[in-house]
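A structural walkthrough
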Amino acid sequence: MAEPDCPICGEPAEPAHRPFCSARHRDRDLLQWLGEAYRLPADAAEEGLDKPETSD
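My aim in this report is to walk through the structure given alongside it, one point at a time. Bear in mind that the values here come from a model prediction, so they are computed numbers and not experimental data.

Calculation criteria
- Residues numbered from 1 in each chain as written.
- Predicted model: local features only at pLDDT ≥ 70, side-chain atom pairs only at ≥ 80, totals over all residues.
- Heavy atoms only, no water.
- Helix = DSSP H or I, 4+ residues; strand = E, 2+ residues; numbered from the N terminus.
- Buried < 20%, exposed > 50% of the residue type's maximum accessible area, 1.4 Å probe, protein only.
- Contact = heavy atoms within 4.5 Å.
- Salt bridge = Lys/Arg side-chain N within 4 Å of Asp/Glu carboxyl O.

**Some remarks on the side chain of His25**
In this fold, His25 is placed in helix H1 (residues 23-34). Under the relative-accessibility criterion, His25 is labelled buried at 9%. Among all residues touching His25, those that are not within four sequence positions of it are Cys6, Ile8, Cys9 and Phe20.

Given below as structure tokens:
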């Protein structure tokens, strides 16, 4: 079975850093997650959950 390609650059993945080709690309991906660069879209109902409720 062929090694998957690095999702950052497309080079062959190294077993020690799989699925990335290097520690640098692995860390870059982690920083993207920690910086919330990767997000899933939310529908309008879920977005309303973050708003404080007001009493009218």
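There's more to say after this.
**A word on the pattern of salt bridges**
According to the stated counting rule, one finds 2 salt bridges in the structure shown. The salt bridge involving Asp27 is made with Arg26; its shortest N-O contact spans 3.5 Å. Taking the relative accessible area as the measure of exposure, Asp27 reaches 36% and is therefore partly exposed. Arg26 sits in the partly exposed class, given a relative accessible area of 34%. Salt-bridge contacts for Glu36 lead to Arg39; the nearest nitrogen and oxygen are separated by 3.0 Å. The exposure class assigned to Glu36 is partly exposed, which follows from its relative accessible area of 49%.

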